[in-house]
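Structure at a glance
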Amino acid sequence: MAGFGTPRLARGRSPVYQWRMVPPCPRFVRAAAGRTLVAAAFALVMSGPSPWSMSSRADDDAPARPNVLFISIDDLNDWLGCMDTHPLVQTPNIDALAARGTLFTNAHCQSPLCNPSRTSLMLGLRPSTTGIHGLNPWFRDVRQFADHQTLPQVFAEQGYRTLTTGKIYHSWREARPRDRHVEFEVTGPHGGLGSRPPEKLIGETPFGNHPLMDWGVWPPDNDDSVTADYQIASWAVEQIESMPKDQPFFLAVGFFFPHVPCYASQQWFDLYPDDESVLPEIPVNERAGTPPASWWLHWELPEPRLRWLQESDQLVNLTRSYLACISFIDAQVGRMLEALDEAGLTDDTIVVLWSDHGYHLGEKEISGKNTLWARSTRVPLILAGPGISPGQVCGRPAELLDLFPTLVDMAGLEGPRHELEGLSLRPQLVDAEAPREQPAITSHNQGNFSVVSEQWRYIRYVDGSEELYDIQADPHEWNNLSDERPGVKAQLRAWLPDIDHGPAPGSRHRILTYYDGVPVWQGRPIGENDPVPHDTVRD
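These notes cover the structure that comes with them. (Residues numbered from 1 in each chain as written. Predicted model: local features only at pLDDT ≥ 70, side-chain atom pairs only at ≥ 80, totals over all residues. Heavy atoms only, no water.)

1. As for the nonpolar core
Of all hydrophobic cores here, the largest spans 67 residues; its most connected members are Leu-69, Ile-71, Ile-73, Leu-251, Phe-255, Val-333 and Met-336. For this core, the leading source of residues is helix α11 (residues 315–342), giving 16 residues. (Core = buried A, V, L, I, M, F, W, Y, C linked by side-chain atoms within 4.5 Å. Buried < 20%, exposed > 50% of the residue type's maximum accessible area, 1.4 Å probe, protein only. Helix = DSSP H or I, 4+ residues; strand = E, 2+ residues; numbered from the N terminus.)

This is the structure:
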């Protein structure tokens, strides 16, 4: 733990389940048929020349106000070719983007759930600060944050043309006449699922047969144009081709897939074998060494558990579908990057690619997110463009929270009127070895945190139970060292945020609270002897 220095965040914590109103603070090649070709393409981009290999320039040559292409991919875990985390995944376009910029391999979301994660990024505040832990509320409906400036608003206020399409916020709605705020100046297609089959492809699923719990080949006839993600990429390409030359732009594009239902056309499925070789490694009884509180974070959700996926012979199908969606989205990213290059905008545009959180495909005995382990918290984070050193891989901890101060810094803008809680990544974008003292911190509902350094992951649950993993020696997080390394735990525990608010007014969906030693899942107490719903170990 040498080099961690003095924690900046720990000053004591607010009582469990209190929400207080605090005054605002001041200031882009189709996927190759084989993995070898993908690797060869990545190596070629790394060695250059390529359309993008020389586009990243030193700070002295960077444009005064670079454009920003801000790409969000929903529910994408770290399965990218450039991250070397799945032996079969094919993402040549994202890999090429990483090769011309900086790839953060130890980046983490602030919450393993869409709304709090995206709200945190766009406001530059932690979920433990805002109290936005569930799928509701929309932060503008919380009096405390109704007038806070968001990342695109800061850019718009200082002369940028701001545009959006697809899913950037989770709960965002179009502006109404009485609204005081315009989130983006130009709004394109809303995105989402688009075409879907007349009936679910896999039949009924547990916990209410949720319509989103589905996956398989769709649409028919390899017609990707009927999908919303293809359409929003097309809209983004049109905007890039017609951007005014006298005004910088901030273009935010949010893709829905690989979020469930994981639908992709047959051409993307053909990239992956229909057998167990697509599966991640899943040990038997993987959660035997984890505390009961780890289950409380996803006590009863529509995402199927591992046992159902195995008994229903759906684990391979789900995993292959997820991989097919990733490759489809990679192609859409490629279309936009190609448009940038053809428009002559590559050299003047910072491209940011991120995911709101990860996704389990049977690991830790679940599918979905909502955990504090790496499969939920670790996300792709790539920045490329002017002022960013090409071909870098950075293992320093990084947070999605850092994107707000980073982009403001890289664009030379004034920050928002409230204090940002992230750190600028500009030092690491120039030199991947630049030091960073602060770890990456994720929370999921009040009192539940993970703290990640370059070597360790520490988890603390609302009841005080803990986990500790040496992520360099144990990247799958199978061996809980909590009882063996109390000193390491203490040093990481000191980084827990001093502000830890309970659910903000209007909170609902996936909310866990804790009253007098009793966990409460979405309003229903969890008894000490209650069986874990659809659990593979404790039934």
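Moving on from the model shown.
2. Examining the packing of helix α2 (residues 92–99) against α11
Remark: α2 packs on α11, axes separated minimally by 7 Å, with the N-to-C direction vectors making an angle of 50°. Taken together, the axes of α2 and α11 are oblique relative to one another. Two secondary-structure elements touch here, α2 through Pro-92, Asn-93, Ile-94 and Leu-97 and α11 through Asp-330, Ala-331, Val-333, Gly-334 and Leu-337. For the contact of α2 with α11, the residue count by class is 6 nonpolar, 2 polar and 1 charged. (Axes fitted to C-alpha atoms, helices over the stretch in contact; angles between N-to-C directions. Parallel < 35°, antiparallel > 145°, perpendicular 65-115°, else oblique. Contact = heavy atoms within 4.5 Å. Nonpolar A, V, L, I, M, F, W, Y, C, P; charged D, E, K, R; others polar.)

3. Overview of the side chain of Lys-167
Mapping Lys-167 onto the fold places it in the loop between β4 (161–166) and β5 (186–187). Reaching out from Lys-167, the side chain makes a polar contact with the side chain of Asp-74 at a distance of 2.7 Å. (Polar contact = N/O pair within 3.5 Å; in protein donor to acceptor, adjacent residues only side chain to side chain.)

4. With respect to a negative patch on the surface
On the surface, a cluster of negative charge is contributed by Glu-238, Glu-241, Glu-338, Asp-341, Glu-342 and Asp-347. Taken together, the elements giving at least two residues each to the negative patch come down to α7 (228–241) and α11. Counting residues per element, the negative patch draws most heavily on α11, which supplies 3 residues. Mapped onto the fold, Glu-342 is located in helix α11. (Patch = residues over 30% accessible without salt bridge, like charges linked within 9 Å, V, L, I, M, F, W, Y side chains within 5 Å. Areas by Shrake-Rupley, 256 points an atom, 1.4 Å probe, with all protein chains shown as cover. Salt bridge = Lys/Arg side-chain N within 4 Å of Asp/Glu carboxyl O. Lys, Arg positive; Asp, Glu negative; His and termini not counted. Charge placed at Lys NZ, Arg CZ, Asp CG, Glu CD.)

5. A look at α11
The terminal C-alpha atoms of α11, which comprises 28 residues, lie 41 Å apart, in line with the 40 Å expected from a rise of 1.5 Å per residue. Counting buried positions along α11 yields 23 of 28 residues, so the element is predominantly enclosed. Positive phi appears at Gly-344, one or two residues downstream of α11, with a value of about 70°. (Expected span 1.5 Å × (residues − 1).)

6. With respect to the side chain of Thr-129
Summarising the element assignment, Thr-129 is placed in helix α4 (residues 127–130). Residue classification places Thr-129 among the buried residues on the basis of a relative accessible area of 15%. There is a polar contact of 2.9 Å between the side chain of Thr-129 and the side chain of Glu-421. Setting aside residues no more than four positions away along its own chain, Thr-129 makes contact with Phe-145, Glu-421, Ile-499 and His-501.

7. What about the sheet that holds strand β19 (residues 512–515)?
One open sheet holds the 3 strands; their spatial order is β19-β20-β21, and the pairing between them is antiparallel. Looking at strand neighbours, the two that pair on one side only are β19 and β21 (524–525), the edges of this open sheet. (Pairing = 2+ DSSP bridges.)

8. Regarding the packing of α7 against α11
Interaxial distance between α7 and α11 falls to 9 Å at its minimum, and their mutual angle equals 10°. Taken together, the axes of α7 and α11 are roughly parallel relative to one another. Two secondary-structure elements touch here, α7 through Asp-229, Tyr-230, Ala-233, Ser-234, Ala-236, Val-237 and Ile-240 and α11 through Phe-328, Ile-329, Gln-332, Arg-335, Met-336, Ala-339 and Leu-340. Among the residues forming the contact of α7 with α11, the class breakdown is 10 nonpolar, 2 polar and 2 charged.

9. As for helix α3 (residues 114–123)
Counting buried positions over the 10 residues of α3 gives 10, a clear majority of the element. Buried within α3 are the following residues: Cys-114, Asn-115, Pro-116, Ser-117, Arg-118, Thr-119, Ser-120, Leu-121, Met-122 and Leu-123.

10. Here we look at the pairing of strand β1 (residues 67–73)
Counting buried residues in β1 gives 7 out of 7 residues, a clear majority hidden from the surface. Going residue by residue along β1, you find Asn-67, Leu-69, Ile-71 and Ile-73 tucked away on one face and Val-68, Phe-70 and Ser-72 tucked away on the opposite face as well. Sheet topology note: the β1/strand β9 (residues 349–355) ladder contains 7 bridges and is parallel. Counted as the bridge partner of Ser-72 is Trp-354 from β9. Where β1 and strand β7 (residues 249–255) come together, 6 bridges link them in parallel fashion. Of the residues in β7, the one forming a bridge with Ile-71 is Val-253.

11. Section: the sheet that holds β9
For sheets, the rule is that strands pair by backbone hydrogen bonds, running either parallel or antiparallel. If you walk across this open sheet you meet the 8 strands as β5-β4-β7-β1-β9-β12-β2-β13, and the pairing is mixed. Each edge of the open sheet is held by one strand with a lone partner, namely β5 and β13 (392–394). Bridging between β4 and β5 involves 2 bridges; their strand directions are parallel. By the bridge assignment for β5, Leu-163 is matched with Val-186.

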